[in-house]
2 protein chains.
Amino acid sequence: MDFKIKFNQYNKDDSMMYGNMLLTGNGYFGIRGTFEEYTKEMYGAINMSGIYDRSEPDAWRESVNAPNCIYVKLEADKETYSLPDTLPSNHYHELDFKYGIFTRKTVWKTNKGTITLESERFASMHDKHLVCVKYTVFSDYDCKIKLTSGINTDIWNINGNHFAKVEKTSDNGYINCICTTIEKNIELSLQEYDAINTNCKKSIINDENGIFNVFEINAKKDEKYVLEKITKISSSVDKKASVTDLKKTNYENLKKLHISEWDKIWDISFVEIKGDKEAEKALNFCIYELNAIAPRHTDAGSIPARGLSAQVYKGAIFWDTEMFMFDYFLHTDVSVARTLINYRIKTMGGAMIKAKEYGYEGAFYAWESQEDGIDACSEFNIIDPVSGRPLKTHFRDKQIHISADIIYALKRYVEYTKDYSILDEGGKEMVIQCALFYRSAIVKRLNSNFYELHNCIGPDEYHECINNNAYTNKMAKMVFDYAYELTKNDDTEHALMFKDCADKLYIPSPRKEDDVIEQFDGYFKMENCSVEDLKKREYTKGEYWGGAYGIATQTQILKQADVATMLCMFKDEYSNKILKANFDYYEKRTQHGSSLSACMYSLLGCYLGNAESAYPLFMTSALADLKEERSQWSGKVFIGGTHPASAGGAWMCAILGFAGLGIKDGKITLNPCLPESFEEMNFKIVYNGKKHNIKVTRTKCFVD
Amino acid sequence: MDFKIKFNQYNKDDSMMYGNMLLTGNGYFGIRGTFEEYTKEMYGAINMSGIYDRSEPDAWRESVNAPNCIYVKLEADKETYSLPDTLPSNHYHELDFKYGIFTRKTVWKTNKGTITLESERFASMHDKHLVCVKYTVFSDYDCKIKLTSGINTDIWNINGNHFAKVEKTSDNGYINCICTTIEKNIELSLQEYDAINTNCKKSIINDENGIFNVFEINAKKDEKYVLEKITKISSSVDKKASVTDLKKTNYENLKKLHISEWDKIWDISFVEIKGDKEAEKALNFCIYELNAIAPRHTDAGSIPARGLSAQVYKGAIFWDTEMFMFDYFLHTDVSVARTLINYRIKTMGGAMIKAKEYGYEGAFYAWESQEDGIDACSEFNIIDPVSGRPLKTHFRDKQIHISADIIYALKRYVEYTKDYSILDEGGKEMVIQCALFYRSAIVKRLNSNFYELHNCIGPDEYHECINNNAYTNKMAKMVFDYAYELTKNDDTEHALMFKDCADKLYIPSPRKEDDVIEQFDGYFKMENCSVEDLKKREYTKGEYWGGAYGIATQTQILKQADVATMLCMFKDEYSNKILKANFDYYEKRTQHGSSLSACMYSLLGCYLGNAESAYPLFMTSALADLKEERSQWSGKVFIGGTHPASAGGAWMCAILGFAGLGIKDGKITLNPCLPESFEEMNFKIVYNGKKHNIKVTRTKCFVD
């Protein structure tokens, strides 16, 4: 398979797109796919995992970007050759997503000839602290080349500078930079060692833009000057330290170690799709994306909704991780799956604080979770483009399904891995606290025998303050059932409490006439119109359709899969007829205004045996971050970045959907539903501690 | 006392103001205080009580305006003399609110001399079907005067023409007009008889503007020509018919009968306030206003929120009637009080339909109630002036206190009158249905012993979707208590149910540190700012401060008295210290953005013995419809008209507050709290079927 994404031209306006699409990363940080000479105006960033801070008391807390240590500026005969200001005569760049290696070649015409810059870089998978850049420059005539390479501290931040103090030093050939964050005094340290394959004049600049090595080379015609630029990033909150001595290693050696780590990942992760090269490439790009941001550097960390591509959505963790990304890791690298759950166990305190804030008991997990589980979600987070008014949303206070989403992942983890230790190490307590949360959220009407959940938002965020969302109620019941299972032998008081809730919580049934499940109380009474018709009612392009007065709020139009998501999670409890009825009813009423939507409908399409409906939705998900999309702003709010939930969802469609992978009675089962273009699928999963090769053809399935 | 409101000048721009302030009426209809020659552009209207219809399928249902039977056009020597087009040389008009007689005198200069028009009119209190106009014209030179007098059918309607058919005929000196409404085929019939004190040429015009008698007079210098113009209005939904034969009566005779009816009203109603002429006049104007719209023509009718002054708020009945106007009638004319309650008993079917619509049991009374109790309130009824977007409010679905407000009035009626027949004639059933409604609205959390009411709006409409509004919960408990009282002897099943609710419904207590009662769950956590500061945050003048995103919604700023209203209704259950603490806390946080606000704070001020705080708020209420206010439009929505709840509230302040009238153990009690300017109050009430004279001085009280 061709693992490369290639561009043969330079276009300044594509910089934001490249930044997202061509991201490299190792879970400890992500490096946006930008060029070495870029300054903050071009949205380069090294986005750190799990480190959050606040620039000003009123600013949103967001993930921290490290100083820019891929920075190199090229001058020749005192002229600067730099994108985007100096347009190249030739330009090529690519991402090899097999190994997360970003490569470029840029040629500038000068009045004497040409200057060529070639570079290559990766975020080391071997030592997660290392950024490795190889930077080669040559000219077809003799000239004086000057390279300014170092740590640029004047970086892009969505919500202002995060560093109270920046300490820059140089010693023994290293340049160092220690930045201290404003709010929590976290120290982020960079140590860079630059090696160049020529004798040249060397000096150091330490100014307000950072600290830099300056190499002044008397360049000979056609001679290649190679700068190896290795930087170690570490922080005062690191769980594991780097052991690499920068002086005792070199780029090629680090690259070998790096590649060998990616080979291990691909050995278990690669999915072959015979007959559909486009799908194969898109899906494996999704797998790349998930691995480039998987928190393998820690035993308790998670993945933000926009990966490590920027400070979008404050770098926060959403339900996306558990419901859309978790499955891939569960089936291929259970240690990452456990790390993701451990993060939620570790941040349970924040969830308990949030529960209390809203008058609940137990653990109400954050809609936007940062390092301590405190909810980073603000209340007025959408600006009406017509009036300029900030609009209050209820994502924070009413989207109560998040706690259940986490328990759903934990339960699957335990069932799949039989690693019961997680329950003793906080997992069981998390289940109990989430169950207590839902119990405290339940209301009962005096004239009804049911328990109800009122005033919620389900996955479809266009309808706020609704009662008895099918998804939320069903997920909450799952929590009660599981909590009962875990407590019945040693904690009768809780067990009885949870059983009572599980038994009485109202779960909407399919309606008799057409098997459709009502998304929430009163949904069927809302205006029945089409997405196209609704679009015509927009006051202005790109306005928010939800909130209190949005154009979708009084209609049956959904933002994203809601009942469909519920059916995917509990497919075995519903007949094929019901799955189909709900797919047919809801899909056409869905705007798919979220990257979490298409994959769930695709998966449901597979579950009900309709691969042809599922296929385009799968491709939408798989291609989410390969689309050439330039606009990533909603008014003044940056909403760009990558979509790892879509990537994870695409994997779910392919493996759980098309290949029909399942586990029954401790055995791997396959119930394939291949789209026409797929001749054969070959992939592996780890189950019961063993690697299994799986082949699915149009007529047969094999598991070894 | 001077009962006259006088104007010595004509100003076209004041027409809307005169129309409201100088209204005459008899409860069957209201005639706006406009001039005879006015056409619809000047907002004249004869607004019918209890008759509603819809112009177009999508238009708001609203009260029906009758064809304009006060219309007279004056021409002299072929020139038209007509306001506002022909400006007068002299103009005077007045309302004598002792008898509801509107008088004008207008003089025009012509090139030969002057033409003078004098007119007088009233809405007969003796025969509620009659509109009586006396129209006198004379000139100080000989000329040809032409009067066109009749029924103008081209009338002002806020939401379009209401008549599908207009049938105009003339016979035997009568002109007749029968209009049939579009939606419900209600027939509105007008019969007019014009008598003039001279022989002149008479003819009839029947055209698209209506049907008219034309009188062509050879006018002699200084001779007065008097047109008596009596019209009988009746409708196919009338409860009582008129027995007056228009030909056998005359203006002066009808005026005598009319005056004698008003004399009866004043005999019981007049409130003398020695020492404060301004307050005395304002208060007695309020009493006039209430009587001019009291539904004495029927045994089951009510008073719209804007009286009979226009189709504002669809001519609908709000909680204003029971909570603000009811008391005056209860103490002075119990038959009207009963009529108001009967209206609610009669419309219980509509309330039961509404309850069902929202998934409740029992009777959920309409926020905007029309003839059948179906809720006329629309969901999107405010236009954001910044964005032009219609904003959804929750007045209709969440302002659940209305059912309790009605029961509160019923309960006071029964306690005050000891007329238990009302209970057998639907009253008890209404209590049971309202109690069942509240019971079905109750939710109980599993981890609490209390019953709660969630997702409501209290009187303060700026805070929507709140839990446990103190006013709403307290009022609902009162319904349960009363329902228990009424059922305990013969309906144990219901009785136990209601007692359980009354016992367990959560009623917010004053907080320990300062005795302030929290308006709703979480109110104290909201931003604490001043009304003035908040005003500065307006995006545009006159924008709505409530709704989902209004500037008040996240603050402690109230639209109108909320906890204060609760304390007024249940003052005997709270200490003076609590009343004072809450007055002090909430009054300064209240925008008083409703005419229901000032009077409640004034009343509370009296109850806690602070007449000086109460007095300016009382005057605000008493003068509400005497203010010279010209702007009565909110964007394109007409929000003008009179404020009878403010009038009723002013009466409550004066009698229940300043005079401190109460009933204890079947006896009249007085606990006065006179403001400094009041030397003495003299008034009457009817109690136990007897008229009582009451005198309150600064040192003594007398009741006979």
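The paragraphs below set out a description of the structure included in this document. Quick caveat, the model's predicted, so the values are computed rather than measured.

## Some details on the overall build of chain A
- Of the regular secondary structure elements, chain A holds 17 helices and 30 strands.
- Taken along its principal axes, the extent of the C-alpha atoms in chain A is 90 × 60 × 55 Å.
- The 704 residues of chain A split such that 64% are buried.
- Contacts spanning at least 24 positions in sequence make up 67% of the contacts within chain A whose residues lie at least 6 apart.
- When the accessible surface of chain A is summed, it comes to about 25900 Å², and 48% of that surface belongs to carbon and sulfur atoms.
- Taking the 87 positively charged and 100 negatively charged side chains of chain A as two groups, their mean positions are separated by 2 Å.

## Structural notes on empty space enclosed by the protein
- Per the counting criterion, the structure on display carries six cavities of 30 Å³ or more.
- In this structure, the largest cavity occupies an estimated 230 Å³ of space.
- Of the residues contributing to the lining of the largest cavity, the split by class is nine nonpolar, six polar and five charged.
- Put simply, the second largest cavity is a space of about 120 Å³.

## Side note on the interface of chain B and chain A
- On the side of chain A, 31 residues touch chain B, which itself brings 31 residues to the contact.
- Between chain B and chain A, the buried area comes to about 3000 Å², and carbon and sulfur atoms account for 50% of it.
- Counting the surface chain B buries against chain A, the share from its top three residues, B:Arg389, B:Leu446 and B:Tyr549, is 30%.
- The interface formed by chain B and chain A includes four salt bridges.
- When the shortest N-O distance is used, the salt bridge between A:Arg389 and B:Asp384 registers 2.9 Å.
- Here chain B and chain A share 15 residue pairs in polar contact (both at pLDDT 80 or more) between them.
- Going through the elements one at a time, strand S21 (390–392), helix H9 (421–441) and strand S22 (442–445) of chain B are the ones with two or more residues in the side of chain B that touches chain A.

## Some words on the nonpolar core
- Ranked by size, the top nonpolar core spans 460 residues in total, and within it A:Phe618, A:Met681, B:Phe618 and B:Met681 carry the most contacts.
- Setting aside residues up to four positions removed in sequence, B:Phe618 forms contacts with B:Ala279, B:Leu283, B:Ser602, B:Ala650, B:Cys653, B:Ala654, B:Phe658 and B:Phe678.

## Some points on the relation of the copies chain B and chain A
- By a simple turn and slide, chain B fits onto chain A: the slide is 0.1 Å along the axis, the RMSD is 0.1 Å, and the turn is 180°. Such a turn and shift between the copies fits a two-fold axis.
- Both copies share a contact surface, since 100% of the interface residues of chain B are interface residues in chain A too.

## As for the side chain of A:Arg104
All names here are of chain A.
- Mapping Arg104 onto the fold places it in strand S9 (residues 101–109).
- Within polar-contact distance, the side chain of Arg104 engages the side chain of Thr106 at 3.0 Å.
- Those residues in contact with Arg104 that lie beyond four places of it in its chain are Phe35, Glu36, Glu37, Leu83, His91, Tyr92, His93, Leu117, Glu118 and Ser119.

## A word on the pairing of strand S16 (residues 201–207) of chain B
All names here are of chain B.
- In the sheet, S16 pairs with strand S17 (residues 210–219) via seven bridges, with the strands oriented antiparallel. Each bridged residue has a counterpart across the sheet, and for Lys202 the counterpart in S17 is Phe215.
- Taking the residues between adjacent antiparallel strands as the criterion, S16 and S17 are bridged by two residues.

## Structural notes on the pattern of salt bridges
Residues and elements named next belong to chain A.
- Applying the stated criterion across every chain yields a total of 110 salt bridges over all chains.
- Between Asp154 and Lys40 there is a salt bridge, and its shortest N-O distance comes to 3.0 Å. Of this pair, Asp154 sits in the loop between strand S12 (143–152) and strand S13 (163–171) while Lys40 sits in the loop between strand S3 (29–31) and strand S4 (46–53), and the two are 114 residues apart along the sequence.
- Residue class for Lys40 comes out partly exposed when judged on its relative accessible area of 31%.
- Two residues, Glu371 and Arg61, come together in a salt bridge whose shortest N-O distance is 2.9 Å. Within this pair, whereas Glu371 is found in the loop between helix H6 (348–357) and strand S20 (380–383), its partner Arg61 is found in the loop between S4 and strand S5 (62–66), the two being separated by 310 residues in sequence.
- With relative accessibility at 11%, the residue Arg61 sits in the buried group.

## Focus on unusual backbone geometry
Residue and element names in this part refer to chain A.
- Leu83 connects to Pro84 through a cis peptide bond whose omega is 0°.
- With respect to the element layout, Pro84 can be found in the loop between strand S7 (79–81) and strand S8 (90–96).
- Positive phi values are uncommon outside glycine, yet Asp665 reaches one of about 50°.
- Mapping Asp665 onto the fold places it in the loop between strand S26 (661–664) and strand S27 (667–670).
- By relative accessible area, Asp665 is classed as exposed at 75%.

## Observations concerning the sheet that holds strand S16 (residues 201–207) of chain A
All names here are of chain A.
- In spatial order, the strands read S7-S6-S12-S17-S16; together these five strands make up an open sheet with antiparallel pairing. A strand with exactly one partner marks an edge of an open sheet, and here the two such strands are S7 and S16. Pairs of neighbouring strands in the sheet enclose a mean axial angle of 25°, with direction left out of account.
- In this sheet, strand S17 (residues 210–219) lies alongside S12 in antiparallel orientation, the contact comprising ten bridges. Bridging from a neighbouring strand, Ile151 pairs with Ile211 of S17.

## Points about the packing of helix H15 (residues 597–607) of chain B against helix H17 (residues 644–658) of chain B
All names here are of chain B.
- It is the contact of H15 with H17, at a shortest axis distance of 9 Å, that shows an interaxial angle of 0°. Taken together, H15 and H17 sit at an angle that is classed as roughly parallel. Between H15 and H17, the residues in contact are Cys599, Met600, Ser602, Leu603, Cys606 and Tyr607 and Gly649, Ala650, Met652, Cys653, Leu656, Gly657 and Phe658, respectively.
- A class-by-class count of the residues in the contact of H15 with H17 yields ten nonpolar, three polar and no charged.

## A few points about the sheet that holds strand S1 (residues 4–7) of chain A
Residues and elements named next belong to chain A.
- Across the sheet, which stays open at both edges, the nine strands sit in the order S1-S8-S9-S10-S11-S18-S15-S14-S13 with antiparallel pairing between neighbours. Every interior strand has two partners, whereas the edge strands, S1 and S13, have only one. When strand polarity is set aside, the average angle formed by the axes of neighbouring strands in this sheet is 15°.
- Relative to strand S15 (residues 187–196), strand S14 (residues 174–181) is paired through seven bridges, and the arrangement is antiparallel. Across the sheet, Thr180 pairs through a bridge with Glu187, a residue of S15.
- Each of S9, strand S10 (114–123), strand S11 (130–139) and strand S18 (225–235) touches helix H2 (residues 251–269); the most contacted strand, S10, lies at about 45° to it.

## Observations concerning the packing of aromatic side chains
- Summed over all chains, the structure comprises 95 aromatic pairs over all chains.
- Arranged with centres 5.1 Å apart and planes meeting at 70°, the rings of A:Phe3 and A:Trp266 form a pair that is edge-to-face. On the criterion of sequence distance, the pair formed by A:Phe3 in the segment before S1 and A:Trp266 in helix H2 is long-range, its members being 263 residues apart.
- According to the relative accessible area criterion, A:Phe3 is buried, its value standing at 10%.
- Residue A:Trp266 is classed as buried on the basis of its relative accessible area, which comes to 5%.
- Where B:Trp319 meets B:Tyr471, the ring centres are 5.9 Å apart and the plane angle is 70°; that geometry is what we call edge-to-face. Of the two residues, B:Trp319 is situated in the loop between helix H3 (277–292) and helix H4 (320–332) and B:Tyr471 in helix H10 (residues 470–487); the sequence distance between them amounts to 152 residues. Residues B:Trp319 and B:Tyr471 agree in their burial class; the two are buried.
- By the ring-pair criterion, three or more aromatic residues cluster together here, those being A:Phe3, A:Phe97, A:Trp262, A:Trp266, A:Phe270, A:Phe285 and A:Tyr288.

## Description of a nonpolar patch on the surface
Residues and elements named next belong to chain A.
- Residues Trp60, Tyr313, Val637 and Ile639 make up a contiguous nonpolar surface patch of roughly 290 Å² in combined accessible area.
- As for its placement among the helices and strands, Val637 is situated in strand S25 (residues 637–638).
- Given the relative accessible area of 32%, Val637 is considered partly exposed.

Criteria and thresholds
- Residues numbered from 1 in each chain as written.
- Chains lettered and ligands numbered in written order.
- Predicted model: local features only at pLDDT ≥ 70, side-chain atom pairs only at ≥ 80, totals over all residues.
- Heavy atoms only, no water.
- Helix = DSSP H or I, 4+ residues; strand = E, 2+ residues; numbered from the N terminus.
- Buried < 20%, exposed > 50% of the residue type's maximum accessible area, 1.4 Å probe, protein only.
- Contact = heavy atoms within 4.5 Å.
- Areas by Shrake-Rupley, 256 points an atom, 1.4 Å probe, with all protein chains shown as cover.
- Lys, Arg positive; Asp, Glu negative; His and termini not counted.
- Charge placed at Lys NZ, Arg CZ, Asp CG, Glu CD.
- 1 Å grid on protein atoms, 1.4 Å probe; cavity = no way out; pocket = protein on both sides within 12 Å on 5 of 7 lines; lining within 4 Å.
- Points joined across faces, edges and corners; volume = space filled by probe spheres on them.
- Nonpolar A, V, L, I, M, F, W, Y, C, P; charged D, E, K, R; others polar.
- Buried area = accessible area lost by both parts, 1.4 Å probe.
- Salt bridge = Lys/Arg side-chain N within 4 Å of Asp/Glu carboxyl O.
- Polar contact = N/O pair within 3.5 Å; in protein donor to acceptor, adjacent residues only side chain to side chain.
- Core = buried A, V, L, I, M, F, W, Y, C linked by side-chain atoms within 4.5 Å.
- Least-squares fit on C-alpha atoms with pLDDT ≥ 70 in both.
- Pairing = 2+ DSSP bridges.
- Axes fitted to C-alpha atoms, helices over the stretch in contact; angles between N-to-C directions.
- Parallel < 35°, antiparallel > 145°, perpendicular 65-115°, else oblique.
- Phe/Tyr/Trp six-rings, centres within 6.5 Å; stacked < 30°, edge-to-face > 60°.
- Patch = residues over 30% accessible without salt bridge, like charges linked within 9 Å, V, L, I, M, F, W, Y side chains within 5 Å.

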